[in-house]
Amino acid sequence: MQFVVAREALLKPLQLVSGVVERRQTLPVLSNVLLSLENDELSLTGTDLEVELVGRVVVEKGSQPGGITVPARKLVDICKSLADGSTLNFNLSDEKLVIKSGRSRFTLATLPASEFPQVDDEPGTFSITIDQIKLKNLLDSTSFAMAQQDVRYYLNGMLFEVATDYLRVVATDGHRLAMQTVSMNNKTDQTQQLILPRKGIMELVRLIGEEDGELTLVFGSSHIRARMPDYTFTSKLVDGKFPDYNRVLPKGGNKNVIGDRQELRQAFSRVSILSNEKYRGVRLMLSSGELRIMANNPEQEEAEETVSVDYTGDDLEIGFNVSYLIDVLTALHTSNVRLTLSDPNSSALLEAEGGGSNEALYVVMPMRL
């Protein structure tokens, strides 16, 4: 195996692929990246057995095909350390990969390509095609609500609900919920629900660029695959049943508050400085025309902000985790936000003011303070 490639052509796909690779592995080959060369196209593959990413790079003509695995982090560090505009010459001999560039020479230990685990190429049951930027916006506006290490493993991921006329994504950690729907024409007869693991979502967000262009998501019985011109992303699906999100959406809230999103976000951020570091609770005092936000902590320190809002109705006092509110106000992009409340023990519904069917909905459970 021998090939020559420009540093810039190799570095970006190598960094993306190595991002999938876990630093601490039980199998030594899983900390490696698989290099496969065929017809002057180099494939780079990284996996942690849950998520797999393949990047493709065209190398200079006259290469010799082959396959080998090398330590992912070391290869990335070598490429990053070389000067811009460098050309790298790769040569495999005696089970060592020699990389030359200018006066630099590196010899890397290898493991055979045959030891590298391959994700089963299962047939897809159905697929959808979506604009990359639209998918990135969907994931960006909801992924923060996923659980991180919950024993209810199905919460450590995101629900994809695919129907004939829409795609809906839902994330919840049991204390808050984020949901967004986009209208689409999908080739599926019945509504399908699948759960993507947290790591799969994070890698997909990293992979989807700001470039225009469509992306095909192929759903199988146990995997999802995303195909792009230069990359193929595969992730296992979470085997479990996602909770019925419709039961979580608050119904019949009679207190509608409309406020400036940026002003509210800044007020919550300032008050949070003196909130209890462990519980992050703030008290909201709602009255006609204004919202008072108050926080205190065990050191007897206090913070208070008053924000003008569009509200007429009964007074209400309710507590929330301030971090959850800040996350929602950061994810929304409209100038105004609508907050729907009913009583101190019921969840709040947050959404963009005047939001259509494609806008995101957020539910935040109250706290007892």
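Note that the structure is predicted; figures quoted are calculated from it, not measured.

Rules used in this analysis
Residues numbered from 1 in each chain as written. Predicted model: local features only at pLDDT ≥ 70, side-chain atom pairs only at ≥ 80, totals over all residues. Heavy atoms only, no water. Helix = DSSP H or I, 4+ residues; strand = E, 2+ residues; numbered from the N terminus. Buried < 20%, exposed > 50% of the residue type's maximum accessible area, 1.4 Å probe, protein only. Contact = heavy atoms within 4.5 Å. Pairing = 2+ DSSP bridges. Axes fitted to C-alpha atoms, helices over the stretch in contact; angles between N-to-C directions. Core = buried A, V, L, I, M, F, W, Y, C linked by side-chain atoms within 4.5 Å.

Draft legend 1. Structural view of the environment of Val33. In this structure, Val33 sits in strand 2 (residues 32-38). Note on Val33: relative accessible area 0%, which makes it buried. A sequence separation of 102 residues divides Val33 from Leu135, and the C-alpha atoms of the two residues are 27 Å apart. In contact with Val33, other than residues within four places in its own chain, are Leu14, Val17, Leu44, Thr45, Ile68, Thr69, Val70, Ala72 and Leu75.

Draft legend 2. Quick look at the sheet that holds strand 20 (residues 302-308). Taken in spatial order, the four strands of this open sheet run 20-19-18-21, and their pairing is antiparallel. Each edge of the open sheet carries a strand with a single partner, namely strand 20 and strand 21 (316-321). Sheet twist, expressed as the mean angle between neighbouring strand axes with direction ignored, is 20°. When strand 18 (residues 281-287) meets strand 21, the two strands line up antiparallel, connected through six bridges. Paired with Leu286 across the strands is Leu316, a residue of strand 21. Contacting strand 18, strand 19 (290-296) and strand 20, helix 5 (residues 261-272) runs over the sheet at an angle of about 170° to strand 20.

Draft legend 3. A look at the nonpolar core. Formed by 100 residues in total, the largest nonpolar core has its most connected members in Leu35, Leu75, Leu135 and Phe160. Considering each element in turn, this core owes the most residues, seven residues, to helix 6 (residues 322-331). Aside from chain neighbours lying at most four places away, what touches Leu35 is Met1, Leu42, Ser43, Leu44, Gly66, Gly67, Ile68, Val70, Leu75 and Leu97.

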